[in-house]
Amino acid sequence: NQGIVKGANSIYSKTIALARMKFPLSVLPLERIIVELYEHVTMIMIMVIMLACFGFFPSFSWLNLVYYIFYTIFFFTSLALITSVLTMLARDFARMIQSLIRLLFYLTPILWDMENMPVLFQKITFYNPIYYVVTGFRDSMLYEIPFWQHTEQLCSLWCLNGLLFVLGCNLQVKFKDQFIDLI
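Sequence order as written defines residue numbering, which begins from 1 separately in each chain. At least 70 in pLDDT is required for a residue's local features to be given in this predicted model, at least 80 for side-chain atom pairs to be given and counted, and no such filter applies to totals for whole chains, interfaces and linings, which use all residues. To obtain the side-chain values, all non-hydrogen atoms of the structure were included, while hydrogens and water were left out.

### Thoughts on the overall build of the protein
And step 1. The helix and strand tally for the protein stands at nine helices and zero strands.
And step 2. In the protein, the order of α-helices and β-strands from amino to carboxyl end is α-α-α-α-α-α-α-α-α.
And step 3. Along the three orthogonal principal directions, the C-alpha set of the protein runs to about 55 × 35 × 25 Å.
And step 4. Per-residue accessibility, obtained with a 1.4 Å probe over protein chains only, is compared with the maximum for each type, and a residue is labelled buried under 20%, exposed over 50%, and partly exposed between these values. Sorting the 183 residues of the protein into buried and exposed places 39% on the buried side.
And step 5. For every accessible area listed, the method is Shrake-Rupley and the probe measures 1.4 Å; residues are considered covered only by the protein chains on display. Carbon and sulfur atoms make up 71% of the accessible area of the protein, which amounts to about 11000 Å² in all. Helix and strand labels come from DSSP, where a helix needs a run of H or I of at least four residues and a strand needs a run of E of at least two; each type is numbered from the N terminus.

Written as structure tokens, this is what we have:
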């Protein structure tokens, strides 16, 4: 949640530095994601301790978490490249993102079982990047399922990530000269 929201505000929150120094603006969304990663890793450590208390001890499949963390960083950075530009163009966009993140939280099967939902909803949710990460963590830590077992989902979501990254980079390049004027 915070990675997406702060990634969207990453350029706008550094307006004073933008006015005084010249540096690549595309670094700012990545910096916000990396800062928020610290909190995520801390939560993972707490989860490891809790799982050990319930008899789930680390195994080889837990190395999949490195892949899922890398995927999450790349996805959130790609998304932040896009949303940071949109936030600079329309300040209310950041508020809209907060609302959308809440909606996505409840639409992602974190708190409920996916198998009880209609088939169409399951297929749509299957291609939700957040769902991919949540089930990936769950599969790795509880069920010892490797990340490459879901090949169709893996390939399609990396293609989506690639498209988002290219779109974000293009938006950054297109609007980089206008950011100072938008401040």
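Following the structure, the description resumes.
### Quick notes on the state of the cysteines
And step 1. Any pair of cysteine sulfurs within 2.5 Å is marked as a disulfide. In this structure the tally under the stated criterion is zero disulfides.
And step 2. C155 carries a free sulfur, and the closest cysteine sulfur to it, the one in C159, is 6.7 Å from it.

### Quick notes on the pattern of salt bridges
And step 1. Any carboxyl oxygen of Asp or Glu that lies within 4 Å of a side-chain nitrogen of Lys or Arg is treated as forming a salt bridge with it. In this structure the tally under the stated criterion is three salt bridges.
And step 2. In this structure, the salt-bridge partner of R95 is D92, at a minimum N-O distance of 2.8 Å. When sorted by exposure, R95 lands in the same class as D92, which is exposed.
And step 3. Three or more residues are tied together by salt bridges with common partners; here these are E31, R32 and E36.

### Some points on a nonpolar patch on the surface
And step 1. For patch detection, residues must exceed 30% relative accessible area and be free of salt bridges, and they are connected within 9 Å for like charges or within 5 Å for nonpolar side chains (Val, Leu, Ile, Met, Phe, Trp, Tyr). There is a patch of nonpolar side chains on the surface, built from M43, I46, M50, F54, F56, L142 and Y143 and spanning about 730 Å² of accessible area.
And step 2. Of all the elements in the fold, those that place two or more residues in the nonpolar patch are helix 3 (27-53) and helix 7 (129-143).
And step 3. Here the nonpolar patch takes three residues from helix 3, the largest share from any one element.
And step 4. Tracing the chain through its elements places F56 in the loop between helix 3 and helix 4 (64-89).
And step 5. Look at F56 and you get partly exposed, because its relative accessible area is 35%.

### Thoughts on the environment of F60
And step 1. Topologically, F60 is positioned in the loop between helix 3 and helix 4.
And step 2. Look at F60 and you get exposed, because its relative accessible area is 68%.
And step 3. For the pair formed by F60 and V5, sequence separation is 55 residues and the distance between their alpha carbons is 33 Å.

### Some points on the environment of P109
And step 1. Checked against the element boundaries, P109 lands in the loop between helix 5 (93-107) and helix 6 (119-126).
And step 2. Owing to a relative accessible area of 1%, P109 belongs among the buried residues under this scheme.
And step 3. Measuring from C-alpha to C-alpha, the distance between P109 and R138 comes to 11 Å, with 29 residues separating the pair along the chain.
And step 4. Whether two residues touch is decided by their heavy atoms; if any such pair falls within 4.5 Å, the residues are in contact. Dropping the residues within four chain positions of it, P109 is found in contact with M114, T125, Y131, V134 and R138.

### Digging into the nonpolar core
And step 1. Of all hydrophobic cores here, the largest spans 31 residues; its most connected members are Y67, I69, Y71, I97, Y132, F137 and M141.
And step 2. Elements with a contribution of two residues or more to this core: helix 1 (2-8), helix 3, helix 4, helix 5, helix 7 and helix 8 (151-175).
And step 3. Sorting elements by how many residues they give to this core places helix 4 first, with 10 residues.
And step 4. With near-sequence residues (within four places) excluded, M141 lies in contact with M47, V48, L51, F56, W62 and L65. The nonpolar core is taken to be a set of buried Ala, Val, Leu, Ile, Met, Phe, Trp, Tyr and Cys residues, with the residues joined through side-chain atoms within 4.5 Å.

### With respect to the layout of surface pockets
And step 1. Estimated volume of the largest pocket: approximately 1400 Å³.
And step 2. In this analysis a 1.4 Å probe is tested at points of a 1 Å grid over the protein atoms alone, and where it fits but cannot get out there is a cavity; an open set with protein on both sides within 12 Å along at least five of seven lines is a pocket; lining residues have an atom within 4 Å of a point. As for the largest pocket, its lining consists of 36 residues, of which N1, H40, I110, V133 and V134 are closest to the centre.
And step 3. When residues of the lining of the largest pocket are traced back to their parent elements, those giving at least two are helix 1, helix 3, helix 4, helix 5 and helix 7.
And step 4. It is helix 3 that provides the largest number of residues to the lining of the largest pocket, a total of 11 residues.
And step 5. Of the residues in the lining of the largest pocket, the class split is 26 nonpolar, six polar and four charged. Grid points are joined across faces, edges and corners, and a volume is the space filled by probe spheres set on the points. Residue polarity follows a fixed list, in which Ala, Val, Leu, Ile, Met, Phe, Trp, Tyr, Cys and Pro are nonpolar, Asp, Glu, Lys and Arg are charged, and the others, Gly among them, are polar.

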